[in-house]
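Structural characterization, general
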Amino acid sequence: MKATPIEEVYAVFKASSGITTDSRCVTPNVLFWALRGERFDGNSFARQALDKGAYAAVVDNPEVAASDKRCIYVENTEIALGQLAAFHRKQFAIDVLLITGTNGKTTTKELCHAVLRTRYKVLATEGNLNNQIGLPLTLLKLNETHQVAVIEAGASHPGDIRYLTEIAAPTLGIITNIGRAHLEGFGSYEGVIRTKTELYDYLRLHDGRVLLNSSDPLLVAQAKGLTACRYALSPEADTLWGEAIPTGLFLELVWHWENSAYPLKTKLVGAYNLPNVMAAIALGLRKGIDPDQINQAIECYEPHNNRSELRAETERRNRLVIDAYNANPSSMKAALDSFFALSTAQPRVLILGDMLELGSKSEEEHAAVLEQLAGRKEAFTLYAVGSCFGALKKKYGKPFYFFDTTEMLREALQKHPITGSLVLIKGSHGIGLQTLLDVL
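Bear in mind that the values here come from a model prediction, so they are computed numbers and not experimental data.

To continue, consider the overall build of the protein. From N to C terminus, the protein includes 17 helices and 19 strands. For the protein, whose C-alpha radius of gyration is 23 Å, the value lies close to the compact-globule estimate of 22 Å for 440 residues. Oriented by its inertia axes, the alpha-carbon framework of the protein measures out at about 70 × 55 × 40 Å. Every one of the 440 residues in the protein was classed for burial, and the buried ones make up 55%. Taking as baseline every contact in the protein between residues at least 6 positions apart, the subset at least 24 positions apart corresponds to 63%. Split by element, the accessible area of the protein, about 19500 Å² in all, is 49% carbon and sulfur. If you average the places of the 46 positive and of the 49 negative side-chain charges in the protein, the two averages end up 2 Å apart.

Put into structure tokens, the structure is as follows:
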């Protein structure tokens, strides 16, 4: 069976009310897209989607396609989804900002969105739908009302960012930072660098601009030859720069631009969010937004989804610093440094989960975290969760406590609750530390 040209698929898409990949969410006139996964095959649900009122179904199983004239056949539905999104993106002459990096992608995206929407109609990635499926689905929501798009791109293998940038065709780009994450997929830290900077490669070829943290030597070196809107974390001549002010739990800063200083109070926990905030400020200025409007937008932004989030007072009188959506060596170190920099009279408690997908470097990186903590002078208690930390428990004693699973720690906390403490919760999402919040 011959695959349908993407232009013809696009005509069907434009006639529909949008795309869904879930047959349970079919509404009249929607276009059902039959994706395949490890445990499912969307082709099996095409007929069900059509019976529920779908306008058409895009499938990559020839037998399913032949069974109903409302089925549109493509060779690979995942690849075709990217092709459709790329074709759709080309219909809009607007700025598209692509954000990638090891840490801070989603927070930076949310801050940029908050700033831009004070003046523009913005399309932004929802949550962290930043992969080969989520990014195309986001772009396919572009319509004539949008004036700018803020798109997040994640990566776990070489070539991922190249693929996503070809779809999104960004005019602007931000790499938040490049750290040691997903080493299992990338093979090495050098592999991480090559993959993240695929965004810079695209911008070079297409006369794009980069928003650049000029206080990061690695990013500066990799961005050589690019037109850059620079921001810095220390004073630099003729450059936007900002500095964190040591205060309470929330990040406060002063940023400097054109001989003026602008104090800013955020609802973000941790000084490691300073470059994320500065990126959003740089974008706002680049897009002609007034500094006071930029400040107001950032001050009103409240983090969620267990990222840099503070829960000020629980039933057990704890204050929780929640950063449990993801973890890798660089983000873990930043979170720990920031946590111990906070001024508090409460006992400090750390609940740390394994950092996943580190491959052969896993033992080395987990040992480095425990060594960092063993060398601290402050009093604290550590609850470490997961097999990676657990493999090191013979070397470390109190105040380090090890649990194979989150459920085992939950049971321990129910018997011996943490009370009246400042608690950092940090680990990879797959460890499930977010499920402990109700017992803290």
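A few words now on the UniProt feature "domain: Mur ligase C-terminal" (unreviewed entry) in the protein. The UniProt feature table records "domain: Mur ligase C-terminal" (unreviewed entry) at residues 307-428. For residues 307-428, helix accounts for 33% and strand for 23%, while the C-alpha atoms at its two ends are 12 Å apart.

In terms of nonpolar packing, the biggest core is built from 78 residues, with Trp33, Leu135, Leu350, Leu352, Leu373 and Leu382 touching the most fellow members. Sequence-distant contacts of leucine 135, defined by excluding residues within four places in its chain, comprise Leu98, Leu129, Asn130, Ile151, Glu152, Ala153, Leu164, Ile167 and Ala168. The next biggest cluster of nonpolar side chains, apart from the first, holds 37 residues, and it includes Val122, Val148, Leu251 and Leu264.

Turning our attention to the sheet that holds strand 10 (residues 227-232). What the nine strands build is an open sheet, ordered 6-7-5-8-9-10-11-12-13; its pairing is mixed. At either margin of the open sheet sits one strand with a lone partner, and together these are strand 6 (122-124) and strand 13 (260-269). The average undirected angle you get between the axes of adjacent strands in this sheet is 20°. Where strand 12 (residues 250-257) meets strand 13, seven bridges bridge the pair, whose relative direction is antiparallel.

Further remarks concern unusual backbone geometry. A positive phi angle, close to 65°, is found at asparagine 259, a residue other than glycine. Here asparagine 259 is to be found in the loop between strand 12 and strand 13. One non-glycine residue, arginine 317, lies in the positive phi region at around 65°. With respect to the helices and strands, arginine 317 occurs in the loop between strand 14 (309-311) and strand 15 (319-323).

Turning our attention to the pairing of strand 12. Relative to strand 12, strand 11 (residues 240-245) runs antiparallel, the two being bridged by five bridges. Bridging from a neighbouring strand, glutamate 243 pairs with valine 254 of strand 12. Between strand 11 and strand 12, which pair antiparallel and follow one another directly, the connecting turn spans four residues. Connecting strand 12 to the next strand, strand 13, in antiparallel fashion are two residues, including glutamate 258 with a positive phi near 50°.

Residues annotated in UniProt with the feature "binding site: ATP" (unreviewed entry) correspond here to Gly101, Thr102, Asn103, Gly104, Lys105, Thr106 and Thr107. With respect to the secondary-structure elements, threonine 102 resides in the loop between strand 5 (95-100) and helix 5 (105-116). Overall, threonine 102 belongs to the buried group, its relative accessible area being 9%. Within the fold, glycine 104 resides in the loop between strand 5 and helix 5.

For the coordinates displayed, the defined rule picks out nine aromatic pairs. Aromatic pair tyrosine 10 and phenylalanine 87: ring centres 4.8 Å apart, planes at 65°, arrangement edge-to-face. Taken together, the residues span a long stretch of sequence, with tyrosine 10 in helix 1 (residues 6-15) and phenylalanine 87 in helix 4 (residues 77-89) at a distance of 77 residues. A residue is classified by how much of its surface remains accessible, and tyrosine 10, at 10% relative accessible area, is buried. Considering the side-chain rings of tyrosine 383 and phenylalanine 403, the 6.1 Å spacing of their centres and the 40° angle between planes classify their relative orientation as tilted. You can see tyrosine 383 sitting in strand 17 (residues 381-385) and its partner phenylalanine 403 sitting in strand 18 (residues 400-403), a full 20 residues away along the chain. Both residues of the pair, tyrosine 383 and phenylalanine 403, count as buried. Taken together through their ring pairs, the aromatic side chains of Phe339, Phe340, Phe380, Tyr396 and Phe400 make up a single cluster.

The rules behind these values
Residues numbered from 1 in each chain as written. Predicted model: local features only at pLDDT ≥ 70, side-chain atom pairs only at ≥ 80, totals over all residues. Heavy atoms only, no water. Helix = DSSP H or I, 4+ residues; strand = E, 2+ residues; numbered from the N terminus. Rg over C-alpha atoms; globule rule 2.2 N^0.38 Å. Buried < 20%, exposed > 50% of the residue type's maximum accessible area, 1.4 Å probe, protein only. Contact = heavy atoms within 4.5 Å. Areas by Shrake-Rupley, 256 points an atom, 1.4 Å probe, with all protein chains shown as cover. Lys, Arg positive; Asp, Glu negative; His and termini not counted. Charge placed at Lys NZ, Arg CZ, Asp CG, Glu CD. UniProt positions renumbered as here; feature names shortened; annotations may be inferred. Core = buried A, V, L, I, M, F, W, Y, C linked by side-chain atoms within 4.5 Å. Pairing = 2+ DSSP bridges. Axes fitted to C-alpha atoms, helices over the stretch in contact; angles between N-to-C directions. Phe/Tyr/Trp six-rings, centres within 6.5 Å; stacked < 30°, edge-to-face > 60°.

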